[in-house]
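# Overview (structure and organization)
Chain by chain, the residues run as shown.
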Amino acid sequence: MVVPVEGEFVWISIDVRSTSLTYGKLTETRLRPGNNAAYFASRGFAHGFMNFDDNTQILIAVDNDYSEVHGVGFKWDDIEIDYHWPLQENYPIILKDEHRNYDSFAEFKEMWSGF
């Protein structure tokens, strides 16, 4: 469960279940505190977010411990996903090094064949 505590952000989910009819499809949700918003981030989906405020805080409730083996992903700006992040002019893109070095979605699919 993803809940906004402070600041506004966009949360995206991409279906990576290889047997799903919506495999590779993306959904986008904008969340901010005060609008009773929460998002259920289910298993079998890749997730990412972009905040619009410097002090954004997000509460994420999970049903399991983090697993390095399953903590995989693909490029945030992969052409196959074709998502146009709502980037703001003069706003820096900040990524963890491990996220910056992810492979393409095509390579992700080849390696993992979905989940």
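Higher on the page you've got the structure.
Okay, so let's go over this structure. (Residues numbered from 1 in each chain as written. Predicted model: local features only at pLDDT ≥ 70, side-chain atom pairs only at ≥ 80, totals over all residues. Heavy atoms only, no water.)

Turning our attention to the packing of aromatic side chains. The relative placement of two aromatic rings is captured by the distance of their centres and the angle of their planes. According to the stated counting rule, one finds eight aromatic pairs in the structure shown. Aromatic side chains phenylalanine 9 and phenylalanine 49 sit 6.2 Å apart centroid to centroid with 75° between the ring planes, which places their arrangement in the edge-to-face category. Linking phenylalanine 9 in strand β2 (residues 9-15) with phenylalanine 49 in strand β4 (residues 45-51), this pair joins segments that are 40 residues apart in sequence. Judged by its relative accessible area of 0%, phenylalanine 9 falls in the buried class. When the ring of tyrosine 23 is compared with that of phenylalanine 105, the centres are 6.5 Å apart and the planes differ by 35°; the resulting orientation is tilted. With tyrosine 23 in the loop between β2 and β3 (26-31) and phenylalanine 105 in helix α2 (residues 105-112), this pair connects stretches of sequence that are 82 residues apart. (Phe/Tyr/Trp six-rings, centres within 6.5 Å; stacked < 30°, edge-to-face > 60°. Helix = DSSP H or I, 4+ residues; strand = E, 2+ residues; numbered from the N terminus. Buried < 20%, exposed > 50% of the residue type's maximum accessible area, 1.4 Å probe, protein only.)

This brings us to the side chain of threonine 56. On the secondary structure map, threonine 56 appears in the loop between β4 and β5 (57-60). Among the polar contacts made by the side chain of threonine 56, one reaches the main-chain carbonyl oxygen of aspartate 53 at a distance of 2.8 Å. When neighbours within four sequence positions are excluded, threonine 56 is seen to be in contact with Glu6, Gly7, Glu8, Phe9 and Asn51. (Polar contact = N/O pair within 3.5 Å; in protein donor to acceptor, adjacent residues only side chain to side chain. Contact = heavy atoms within 4.5 Å.)

Counting across every chain of the model gives five salt bridges. Between aspartate 63 and arginine 43 there is a salt bridge; the shortest N-O distance is 3.1 Å. In this pair, aspartate 63 is assigned in the loop between β5 and α1 (97-100) and arginine 43 in the loop between β3 and β4, connecting sequence segments 20 residues apart. Each member of the pair, aspartate 63 as well as arginine 43, is classed as exposed. (Salt bridge = Lys/Arg side-chain N within 4 Å of Asp/Glu carboxyl O.)

In space, the three strands of this open sheet follow the order β3-β2-β4, with antiparallel pairing throughout. Strands with a single pairing partner mark the edges of an open sheet, and in this sheet they are β3 and β4. Averaged over all pairs of adjacent strands, the angle between strand axes in this sheet comes to 20°, irrespective of strand direction. Both β2 and β3 contribute to a ladder of six bridges, which runs antiparallel. Considered in β3, the bridge of tryptophan 11 is made with threonine 29. (Pairing = 2+ DSSP bridges. Axes fitted to C-alpha atoms, helices over the stretch in contact; angles between N-to-C directions.)

Next up on the list: the environment of asparagine 51. On the secondary structure map, asparagine 51 appears in strand β4. The exposure class assigned to asparagine 51 is partly exposed, which follows from its relative accessible area of 21%. In this structure, the C-alpha to C-alpha distance between asparagine 51 and proline 4, residues 47 residues apart in sequence, is 10 Å. When near neighbours in sequence (up to four residues on either side) are disregarded, asparagine 51 contacts Glu8, Phe9, Thr56 and Tyr91. Within polar-contact distance, the side chain of asparagine 51 engages the backbone oxygen of aspartate 53 at 2.5 Å. A distance of 3.4 Å separates polar atoms of two side chains, one belonging to asparagine 51 and the other to tyrosine 91.

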